[in-house]
Amino acid sequence: MKITVFSGSHKGREGNTLIMVEEFLKGAEEAGAETENIFLIEKNIGYCKGKFECWLKTPGMCTLRDDMDDLLPAFMASDIAVFACPVYFDNVPAVMKNFIDRLAPVLLPHFEEDEKGEYRHAKRYEKFPKIAVISNAGLPGKTNFEVESLFFRRLARTFHTELIAEIYRGEGEIFRGKNNIMLKPLLGKYKKLLRCAGREIVENQKLSDKTVRELEKQIVPESLYIKFGNEEWDRLCEENRVD
C-alpha cells in the first residue's frame, strides 16, 4: 500500500500538523505501508488559469510546466492520499487549495449525475486514491473544522472516491509544549493514538470507533488552554513591540 501525504502548511517542516503526520506515518509504516510526505510549500505550483486547457488542448495534462508534472502522478499512484494542513480562517490554507485546484486534469469536462441526483464532472481514470485528512487548529473545539470537513467530504465526491478518515486536533499550539513536564505525558498518549490510527488505516482502510473517540478527546481543559494561550500572546506582543 502506498500512502502519500500532501502537507499544505505554509510553515512547511515547522508546523504543528507535521507532528501529527509523523506519528500517523510511523503507525502506517509499522503496518507495512510505503509512505511519502510531500511539503507543498517547497514546490513550484502555479495558479490554475481556469482556461480548461487540461480538458481541451492537452487532455489529462495541465499546460503549465511546474512541479505538478510530478505531483499529479504521485497523487494518482497513491492508494491513500492524505491532505494534511492547519485551519486558516475556517478552511484550508492557500497552498493546499492551490494544489487541489491543479488536480482538475484527473477529471473529464463532461457532466454526470451521481447516485444522489447531484451533478459532478466524470472521472478520467477508473481508480482514484482514497482520501484521509489530518488537520489542527490553534483554537480549541471541534467546530473549527466544520467548513474543512464539509470541503473534504465534497472533494471526495468530486474525485469519485471515499473519505476514509478525518483526524482533527483543536488546541494545536499545545504541540509547542512538548518539553513541558506536565504536557509531555499527555502528548505522548495522543501520539500513540495517532500511530494506532496509521496502523488501522493500512489494515482496515478506516478508523475504529474507539480510536475516533479517543482522538477527539481534549488534551487539556479549554479554560487552561485559553488562559495560557492568551498569556503567551501577551508575552509575544510585548516582546515584538516597536517603540
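The protein carries the name Iron-sulfur flavoprotein in an unreviewed UniProt entry, which gives Methanosarcina thermophila as its organism. Quoted straight from UniProt, the Sequence similarities (unreviewed entry) entry for the protein says "Belongs to the SsuE family. Isf subfamily."

Draft legend 1. Molecular detail of the UniProt feature "domain: NADPH-dependent FMN reductase-like" (unreviewed entry) in the protein. Mapped onto this structure's residue numbering, the UniProt feature "domain: NADPH-dependent FMN reductase-like" (unreviewed entry) falls at residues 1-104. With 35% helix and 18% strand, the stretch residues 1-104 has end C-alpha atoms that lie 24 Å from each other.

Draft legend 2. A look at the sheet that holds strand β3 (residues 80-86). Sheet architecture is open: five strands sit in the order β2-β1-β3-β6-β7, paired in parallel fashion. The strands lining the two open edges of the sheet, one partner per strand, are β2 (34-39) and β7 (163-169). Each adjacent strand pair in this sheet contributes to an overall mean axis angle of 15°, direction not counted. Taken together, the five bridges between strand β1 (residues 2-7) and β3 define a ladder with parallel strand orientation. Across the sheet, the residue bridging to Thr4 is Ala81, located in β3. Contacting β1, β3 and β7, helix α6 (residues 183-204) runs over the sheet at an angle of about 175° to β7.

Draft legend 3. Layout of the pattern of salt bridges. Under the defined criterion, the tally for this structure stands at 24 salt bridges. Between Arg153 and Glu166 there is a salt bridge, with its nearest N and O atoms 2.5 Å apart. Taken as a pair, Arg153 in helix α5 (residues 146-158) and Glu166 in strand β7 lie far apart in primary sequence, 13 residues in all. When its relative accessible area of 21% is taken as the criterion, Glu166 is described as partly exposed. Between Glu239 and Arg235 there is a salt bridge whose closest N-O contact spans 2.7 Å. Of this pair, Glu239 and Arg235 both sit in helix α8 (residues 222-239), four residues apart, roughly one helical turn. In this structure Glu239 comes out as exposed when scored by relative accessible area, which is 53%. Residues joined in a network through salt bridges with shared partners are Asp114, Glu118, Arg154 and Arg157.

So, how was this worked out
Residues numbered from 1 in each chain as written. Predicted model: local features only at pLDDT ≥ 70, side-chain atom pairs only at ≥ 80, totals over all residues. Heavy atoms only, no water. UniProt positions renumbered as here; feature names shortened; annotations may be inferred. Helix = DSSP H or I, 4+ residues; strand = E, 2+ residues; numbered from the N terminus. Pairing = 2+ DSSP bridges. Axes fitted to C-alpha atoms, helices over the stretch in contact; angles between N-to-C directions. Contact = heavy atoms within 4.5 Å. Salt bridge = Lys/Arg side-chain N within 4 Å of Asp/Glu carboxyl O. Buried < 20%, exposed > 50% of the residue type's maximum accessible area, 1.4 Å probe, protein only.

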